Amino acid sequence: MDRVGITTTVPLEPFLASGKQAVDLNNSFIGSASPNELVEEAQVKGYPRNICTWIKGLDTASSLVDGVVGVVRGDCSNTESLLETLHREGMPVHPFSYPFNRDRKDLVAEIEELCGFLGTTIDESSEMADETRSMRDLALEVDEIGWKTGSISAQDVHISLVSSSDLGGDPSLWERSVRSLIENSSGKEGMIRGPRLGFIGVPPIISNLFPRIEGLGAKVVFFETQRQFAMPKRTGNWIDDYLEYTYPYDIGGRVDDIKRECGRRKIDGIVHYVQSFCHRQIDDIIFRKELGLPILTLEGNLPGPLDERNLIRLEAFLDVLEGGL
Ligand code: SF4
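Residues numbered from 1 in each chain as written. Predicted model: local features only at pLDDT ≥ 70, side-chain atom pairs only at ≥ 80, totals over all residues. Heavy atoms only, no water.

### Section: the domain arrangement of the chain
The assigned domain composition of the chain is domain 1 (3-126) and domain 2 (129-323). Once you take the C-alpha centre of each, domain 1 and domain 2 turn out to be 22 Å apart. The interface is formed by 41 residues belonging to domain 1 together with 37 residues belonging to domain 2. Buried area between domain 1 and domain 2, summed over both chains or domains, comes out near 3,200 Å², and the portion from carbon and sulfur atoms is 57%. (Domains from an automatic or database assignment. Contact = heavy atoms within 4.5 Å. Buried area = accessible area lost by both parts, 1.4 Å probe.)

### Some details on the packing of helix α14 (residues 251-264) against helix α15 (residues 283-290)
Axis separation between α14 and α15 bottoms out at 11 Å; the angle between their running directions is 45°. Comparing their axes, α15 and α14 come out oblique. Relative to α15, α14 is oriented so that their crossing is right-handed. Contacts between α14 and α15 involve Ile 251, Arg 254, Val 255, Ile 258 and Lys 259 from the former and Asp 283, Ile 286, Phe 287 and Glu 290 from the latter. Its residues assigned to classes, the contact of α14 with α15 shows 5 nonpolar, no polar and 4 charged. (Axes fitted to C-alpha atoms, helices over the stretch in contact; angles between N-to-C directions. Helix = DSSP H or I, 4+ residues; strand = E, 2+ residues; numbered from the N terminus. Parallel < 35°, antiparallel > 145°, perpendicular 65-115°, else oblique. Left-handed = near helix turned anticlockwise from the far one by under 90°. Nonpolar A, V, L, I, M, F, W, Y, C, P; charged D, E, K, R; others polar.)

### Here's the deal with the layout of surface pockets
When its volume is computed, the largest pocket comes out at roughly 670 Å³. In terms of lining residues, the largest pocket is bounded by 42 residues, among which Asn 26, Asn 27, Trp 54, Pro 203 and Pro 204 are the most central. Taken together, the elements giving at least two residues each to the lining of the largest pocket come down to α2 (25-30), α4 (53-61), α9 (154-162), α11 (209-215) and α12 (224-229). Tallied by class, residues from the lining of the largest pocket come to 21 nonpolar, 18 polar and 3 charged. The residue makeup of the lining of the largest pocket includes at least three contributed by each of domain 1 (3-126) and domain 2 (129-323). The space that makes up the second largest pocket amounts to roughly 280 Å³. Lining the second largest pocket we find 19 residues, and of these Arg 227, Pro 232, Lys 233, Asp 257 and Arg 260 sit closest to its centre. (1 Å grid on protein atoms, 1.4 Å probe; cavity = no way out; pocket = protein on both sides within 12 Å on 5 of 7 lines; lining within 4 Å. Points joined across faces, edges and corners; volume = space filled by probe spheres on them.)

### What about the nonpolar core?
Ranked by size, the top nonpolar core spans 83 residues in total, and within it Phe 15, Phe 96, Tyr 98 and Leu 107 carry the most contacts. Sorting elements by how many residues they give to this core places helix α8 (residues 129-149) first, with 7 residues. Excluding residues that lie within four positions of it along the chain, Phe 15 makes contacts with Val 4, Ile 6, Val 10, Lys 20, Ala 22, Val 69, Leu 114 and Leu 118. Core analysis: the second largest hydrophobic core is formed by 12 residues, Ile 200, Ile 258, Ile 267 and Leu 291 among them. (Core = buried A, V, L, I, M, F, W, Y, C linked by side-chain atoms within 4.5 Å. Buried < 20%, exposed > 50% of the residue type's maximum accessible area, 1.4 Å probe, protein only.)

### Considerations on the pattern of salt bridges
What the rule picks out here adds up to 23 salt bridges. Between Asp 143 and Arg 227 there is a salt bridge whose closest N-O contact spans 3.8 Å. In this pair, Asp 143 is assigned in helix α8 and Arg 227 in helix α12, connecting sequence segments 84 residues apart. Of the two residues, Asp 143 and Arg 227, both sit in the buried class. Beyond isolated ion pairs, a larger network of salt bridges with shared partners links Asp 143, Glu 144, Lys 148, Arg 227, Asp 257, Arg 260, Glu 261, Arg 264 and Arg 265. (Salt bridge = Lys/Arg side-chain N within 4 Å of Asp/Glu carboxyl O.)

### What to know about helix α10 (residues 171-185)
The α-helix advances 3.6 residues per turn, and as a result positions three or four apart in sequence lie on the same side. Here α10 is 15 residues long and its end C-alpha atoms lie 21 Å apart, about the 21 Å a rise of 1.5 Å per residue gives. Those residues of α10 not exposed but buried are Trp 174, Val 178, Ile 182 and Ser 185. All buried residues of α10 project into a common sector of 70° when viewed along the axis, lining one side. Pointing more than 90 degrees away from the buried face of α10 are the exposed residues Arg 176, Glu 183 and Asn 184. (Expected span 1.5 Å × (residues − 1). Arc of directions from axis to C-beta.)

### Here's the deal with empty space enclosed by the protein
Taken as a whole and judged by the stated rule, the model has 2 cavities of 30 Å³ or more. Approximately 50 Å³ is the volume found for the largest cavity. Tallied by class, residues from the lining of the largest cavity come to 5 nonpolar, 4 polar and 3 charged. The wall of the second largest cavity is formed by Asp 143, Gly 146, Trp 147, Ile 152, Ser 153, Ala 154, Val 157, Lys 219, Val 220, Val 221 and Phe 223. Counting residues per element, the ones that place at least two in the lining of the second largest cavity are α8, α9 and β6 (219-223).

This is how it looks when you write it as structure tokens:
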């Protein structure tokens, strides 16, 4: 097993310690030349039309790896069935759970089992903690520069953060490309004009969402989930960083993080991206009640550019926000 797929962010240190290459299947799927063909392939295999597209893309993308670690608690209720399907086809799989109670002992036990699957130990993994932290700090630096100066585009900030889950599958290459983004931004005049938006929810399947938003004269200055992939709470202990990671635990932690960052980044409105057929759409009820900011809920299904209907809704939302500025 050299290349091991992951279905979302999991502790990366055991991968680096074991010498196995972590491959975020979401990024492989959406970054492929024809993501829609991967979806079609999963549907030909038997995946129902009314199941989230990301899951179908993950299934087909897993043909490029030798094993899969899937998060079955704290991310997606479909991942368990995905792992079962792959396992029955002969793929080595490992279910990883972020403990519901956010208990440190339970998390350590999960990480130890992950280490066992990858052929390493938690002590060896600890030795990779500084390197992992420094990589994630680079992604967070891109985020800071992006929202403070506007000299890095929303798309580049999004990619830097979202790819911190697997460091692009090649940590050295990833580090070079993120460092070059940072270096190129220095001294550059940024453009922050129009409404300042926060983006919350699962990463979008819409390929050109951020460039389109910027083309309409707004700036995305907060990427909730993508930023969480880079473990923004630096606790000084790598295991505790995963306890402070808000996404897999109770929604209260997410609400607190979103409110804090929206205040710090002076956000005027929020785009809540939801994926068709995703259970996390239900979170919208809580966000609308508790965030205290105008929210546009934008739904995507298949990979591809922003469609006309969502474009019109986005334009109308920005008009409303601009009226209040
Ligand atoms: S978008 Fe929702 S249903 Fe789809 S993979 Fe992510 S969590 Fe699961």
